[in-house]
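Listed below, chain by chain, are the residues.
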Amino acid sequence: MSSAAAKPILYSYFRSSCSWRVRIALALKGIAYDQIPVNLMKDGGQQFSAEFKAVNPMQQVPALKIDGITITQSLAIIQYLEDTCPNPRLLPQDPKKRAQVRMISDHIASGIQPLQCRVYTVSGRGSEPKNLGIRIPWQLLLQKNRSRREQSTWFSKKEIRADSAGQVQNLSILNKMGERKMEWAQQCITSGFQALEQILQHTAGRYCVGDEVSMADLCLVPQVGNAERYGVNLGPYPTITRINKALLELEAFKVSHPSRQPDTPAELRS
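Residues numbered from 1 in each chain as written. Predicted model: local features only at pLDDT ≥ 70, side-chain atom pairs only at ≥ 80, totals over all residues. Heavy atoms only, no water.

**Notes on the pairing of strand β3 (residues 63–66)**
Now for step 1: Here three bridges tie strand β1 (residues 9–12) to β3, and the two strands are oriented antiparallel to one another. Bridge pairing in β3 places leucine 10 opposite leucine 64.
Now for step 2: Here β3 pairs with strand β4 (residues 69–72) via four bridges, running antiparallel. Bridging from a neighbouring strand, isoleucine 66 pairs with isoleucine 69 of β4.
Now for step 3: Once β3 ends, the chain turns through two residues before running back antiparallel as β4, passing aspartate 67 with a positive phi of about 55 degrees. (Pairing = 2+ DSSP bridges. Helix = DSSP H or I, 4+ residues; strand = E, 2+ residues; numbered from the N terminus.)

**Let's talk about the packing of aromatic side chains**
Given two aromatic rings, one states the distance between the centres and the angle between the planes to describe the pair.
Now for step 1: What the rule picks out here adds up to three aromatic pairs.
Now for step 2: Ring geometry for phenylalanine 193 against tyrosine 237: centres 5.6 Å apart, planes inclined by 80 degrees, an arrangement best described as edge-to-face. Separated by 44 residues along the polypeptide, phenylalanine 193 in helix α7 (residues 181–203) and tyrosine 237 in the loop between α8 (215–229) and α9 (238–247) bring together distant segments of the chain. Each member of the pair, phenylalanine 193 as well as tyrosine 237, is classed as buried. (Phe/Tyr/Trp six-rings, centres within 6.5 Å; stacked < 30°, edge-to-face > 60°. Buried < 20%, exposed > 50% of the residue type's maximum accessible area, 1.4 Å probe, protein only.)

**Observations concerning the nonpolar core**
Now for step 1: Ranked by size, the top nonpolar core spans 47 residues in total, and within it Phe193, Leu196 and Leu220 carry the most contacts.
Now for step 2: Those elements giving two or more residues to this core turn out to be α1 (17–28), β3, α3 (74–84), α4 (95–112), α7, α8 and α9.
Now for step 3: A per-element tally of this core places α8 first, with eight residues.
Now for step 4: Residues Tyr11, Phe14, Phe52 and Val55 belong to the second largest nonpolar core, which totals nine residues. (Core = buried A, V, L, I, M, F, W, Y, C linked by side-chain atoms within 4.5 Å.)

**Looking at the pattern of salt bridges**
Now for step 1: One pass over the structure, following the stated rule, counts three salt bridges.
Now for step 2: For glutamate 82, the salt bridge goes to lysine 29, with nearest N and O atoms at 2.9 Å. Of this pair, glutamate 82 sits in helix α3 while lysine 29 sits in the loop between α1 and β2 (34–37), and the two are 53 residues apart along the sequence.
Now for step 3: By relative accessible area, which is 5% here, glutamate 82 ends up buried.
Now for step 4: Arginine 206 serves as the salt-bridge partner of glutamate 249, at 3.8 Å between the closest nitrogen and oxygen. Of the two residues, glutamate 249 is situated in the loop between α9 and α10 (251–255) and arginine 206 in the loop between α7 and α8; the sequence distance between them amounts to 43 residues.
Now for step 5: We classify glutamate 249 as partly exposed; its relative accessible area is 48%.
Now for step 6: The exposure class of arginine 206 is partly exposed, given its relative accessible area of 40%. (Salt bridge = Lys/Arg side-chain N within 4 Å of Asp/Glu carboxyl O.)

**Some words on the confidence of the model for the protein**
Now for step 1: In this model, the protein carries a mean pLDDT of 81, and residues with pLDDT of at least 70 account for 73%.
Now for step 2: Confidence drops under pLDDT 50 across residues 116–172; counting only partners more than four residues distant or on other chains, this segment forms 129 contacts. (pLDDT = per-residue confidence, 0-100. Contact = heavy atoms within 4.5 Å.)

**Side note on unusual backbone geometry**
Now for step 1: The amide bond that connects valine 61 to the next residue, proline 62, takes the cis arrangement and shows omega of 5 degrees.
Now for step 2: Omega for the peptide link from asparagine 87 to proline 88 comes to -5 degrees, which places this bond in the cis form.
Now for step 3: In this fold, proline 88 is placed in the loop between α3 and α4.
Now for step 4: Phi is positive for aspartate 67, which is not a glycine, with a value near 55 degrees.
Now for step 5: Examined against the element boundaries, aspartate 67 turns out to sit in the loop between β3 and β4.
Now for step 6: In this structure, glutamine 73 is a non-glycine residue whose phi angle is positive, near 75 degrees.

In structure tokens, the structure reads:
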């Protein structure tokens, strides 16, 4: 970058999985940037402010201002960085390995994140609601004493919006689930990790695909972090655990960790 004014600006939240992915990519590629924290919890969610909506109309983090444009969605940001700053590579040159990296990245970003309740179908006619392909039993979401009519309107639009990191922006969904909230999150993560463990047994070397860090690894570490937050037993996933441990030893993953961000609360800093 030719000047401080040209430095990229990342709109981020310390605990956002997607923001974490982008921070890792920027660190790996040695790209200096400024960070503007967007607190997803404070004041009802700063992402809903008019100021941030002008940055990202979807009101989600991350968003990256770079080279005169604003890019949202973590994988799109990472692929732009790959195209404009190709070293070190995060997408292998080999077409098969490249496909595997994209497959694993999408598996995690779209298929595992437990709280992606961006589009819920909660109607009284079906036997269970749908969450982007993840089937969740009614009893984990709905109070037993509510009528079918009440079930269809239990969650407000605000309550079911989620950030692109898969973190619920309004925790009232989890709070309404009471003692079941941990069970629900654990169920979603476990289902995804069971499949991922099998996939990695065929693709992994030191890391997710072979022995070079890739975009898949940038997705894996934040998701394991989510699993740990929700108390998921990682014992059945030795490949996931091994890769995650190896990645966390790398400097780019250390400096990008949620415990080391400008907006990390003092009690969570390391």
